[in-house]
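# Architecture and fold: a report
Chain by chain, the residues run as shown.
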Amino acid sequence: MNKQINYGIIFKGKEVIYMLIPEREKAKIRSKNKVLTKEYKIDDELKELGLGKTYFIKTYGCQMNVHDSENIKAILEEMSFKEALVMEEADLILLNTCAIRENAHNKVFGMLGRIKHLKEERPNVIAGICGCMAQEEGVVSLILEKYKFLDLVFGTHNIHELPLILEKAINSKKMEVQVYSCEGDIIENIPAKRDSKYKAFVNIMYGCDKFCTYCIVPYTRGKQRSRNPKDIIREIEKLKEAGYKEVTLLGQNVNAYGKDLDINYDMSNLLTDVASTGISRIFFVTSHPWDFTDEMIEVISKYDNIMPYIHLPLQSGSNRILKLMGRRYTKESYLELFHKIKDKIKNVSVTTDIIVGFPGETDDDFNDTLDVVNECKYDSAFTFIFSPREGTPASKMKDDIPLEVKEKRLYKLNDIINKYALEANQKYMGKIVKVLLEGESSKGGLLMGYTDTMKLINVKASKDKVGEIVNVKITNVQSFSMDGEIVE
Ligand code: 5AD
Ligand code: SF4
């Protein structure tokens, strides 16, 4: 592994015992090292480190981060820590952070203020940050300068080393900063403590090689590394045996799965093999329009247990902006793919991500985006104002559009998106759909779950139905959820 190691940076009372600086410029030159697959293991003597102590993890960001936190929780429990219900009572606090937009950063820094107070009251509390922000050089420097009360910082590439990092942080009373500037090997069999007993996230790959000009992920998560298909299938078979009904295959760009493997095996092969395990429901996120093949569409439409739900980020409908974003497709090729998906996959629901206010986006560019939205009539969409991420090419582009204009565009876009979301849901009125009941709904007395098209449904049903896939008749629809009742 190419690691840069700096020894013994000392400052006020605490010592960084060793530190690996994330280097943005070098991240683009991907290491040629062959990615190996290794097994997770924990030293026996670390298994009692957390006896009598509790932990609390606050997770920000995407499903990938949620799953990382599931791994971290299980590792901590192997070390005898128990989960605390609230942060204020925990002996160990970890923030698993997201770097995707400025507001994700701000939330974490706000939380660090609270943790500082907590540590003043209870100096023995161990607190640290991990995740994508920890992979950013600027963030690590700021922590070393302004957040010296923290005890540990580790990144996205070394979660499996948490037992050793934590032991050092606890025993040495020094700030332990261990962030790898370069991705390492794939570590199999890291345990996971999943919130749900019925649906599970399964990583199929790590990192991303696309380098869209606005995006921090290829730096924070490293180069693309696909897991071996046999390891993925084995994990899913075990989940199925344990009673899981649904898996969501996770990757930054799942359609490129397998491109970095020595074997001739791609996402359509993986989907076929996952479908053949017989697990009831299979979702996958996130797709990049560039790598979406006809074979994938065919496989999705062929297997009943691959759900007709595709998240297909558009980002912009303007060819000029798409080029500046480095997306490598055009409005026309996106629409062609979109219609192919709609034609070939029965009852498919398609959602998207859109960024407004990319540097230099004109009214005409924005109108091109609206044109695509009006044509695709998405089931729903996540919409964002462009947020410059330090070190990315887009952060250096001239951005002279006032925030006010960007906000107006976002509101206008959201109004249109919401109108189509409601229209899409209205088509479900009176229909019977299959719902995996997950647990209690925030609407009192009801259960909640999702359809195979990822629609949130509140259902009148008894609690013993949780974990079952049931037929539900839709009785009421809104833009973001629907209500229904079980029919036999
Ligand atoms: N600014 C705004 N939105 C962003 N996204 C990624 N990077 C940025 C950024 N710098 C959005 C994209 C992506 C989603 C996960 O977050 O739309 O698909
Ligand atoms: Fe997920 Fe990207 Fe945020 Fe990291 S930066 S948590 S990969 S969305």
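Bear in mind the structure is a predicted one, so any value in this text is a computation, not a measurement.

## A closer look at the site of ligand 2
Ligand 2 sits among Cys 62, Asn 65, Cys 98, Ala 99, Ile 100, Cys 132, Val 217, Arg 221 and Gln 252. In the shell around ligand 2, the residues fall into 6 nonpolar, 2 polar and 1 charged. The residue makeup of the shell around ligand 2 includes at least three contributed by each of domain 1 (7–178) and domain 2 (196–307).

## Re the state of the cysteines
Summed over all chains, the structure comprises 0 disulfides. Looking at Cys 208, it has no disulfide partner, and the nearest cysteine sulfur is the one in Cys 212, 6.5 Å off. You can call Cys 208 buried: its relative accessible area is 9%.

## Things to note about the domain arrangement of the protein chain
Taken domain by domain, the protein chain comprises domain 1 (7–178), domain 2 (196–307) and domain 3 (432–486). Here the C-alpha centre of domain 3 lies 26 Å away from the C-alpha centre of domain 2. Contact with domain 2, which involves 8 residues of that partner, is made by 11 residues of domain 3. Together domain 2 and domain 3 conceal approximately 840 Å² of surface at their shared face, both sides included; 64% is due to carbon and sulfur atoms. Across the domain 2-domain 3 interface, the total number found is 1 salt bridge. Taking the shortest distance from any N to any O, the salt bridge between Lys 199 and Glu 438 comes out at 2.7 Å. Summed over the shared surface of domain 2 and domain 3, the number is 3 residue pairs in polar contact (both at pLDDT 80 or more). Taken together, the residues of the side of domain 2 that touches domain 3 sort by class into 3 nonpolar, 1 polar and 4 charged.

## Focus: unusual backbone geometry
With an omega of 0°, the peptide bond running from Val 285 to Thr 286 counts as cis. The phi angle at Ser 80 is positive, at roughly 80°, despite the residue not being glycine. By the element assignment, Ser 80 lies in the loop between helix H2 (63–78) and strand E5 (82–83). Among the residues examined, Ser 80 registers a relative accessible area of 18% and is labelled buried. Residues other than glycine seldom take positive phi values, yet Asn 347 does so here, at roughly 55°. Its location among the elements puts Asn 347 in the loop between helix H11 (331–344) and strand E17 (349–356).

The rules behind these values
Residues numbered from 1 in each chain as written. Chains lettered and ligands numbered in written order. Predicted model: local features only at pLDDT ≥ 70, side-chain atom pairs only at ≥ 80, totals over all residues. Heavy atoms only, no water. Near = heavy atom within 4 Å. Nonpolar A, V, L, I, M, F, W, Y, C, P; charged D, E, K, R; others polar. Domains from an automatic or database assignment. Disulfide = S-S within 2.5 Å. Buried < 20%, exposed > 50% of the residue type's maximum accessible area, 1.4 Å probe, protein only. Contact = heavy atoms within 4.5 Å. Buried area = accessible area lost by both parts, 1.4 Å probe. Salt bridge = Lys/Arg side-chain N within 4 Å of Asp/Glu carboxyl O. Polar contact = N/O pair within 3.5 Å; in protein donor to acceptor, adjacent residues only side chain to side chain. Helix = DSSP H or I, 4+ residues; strand = E, 2+ residues; numbered from the N terminus.

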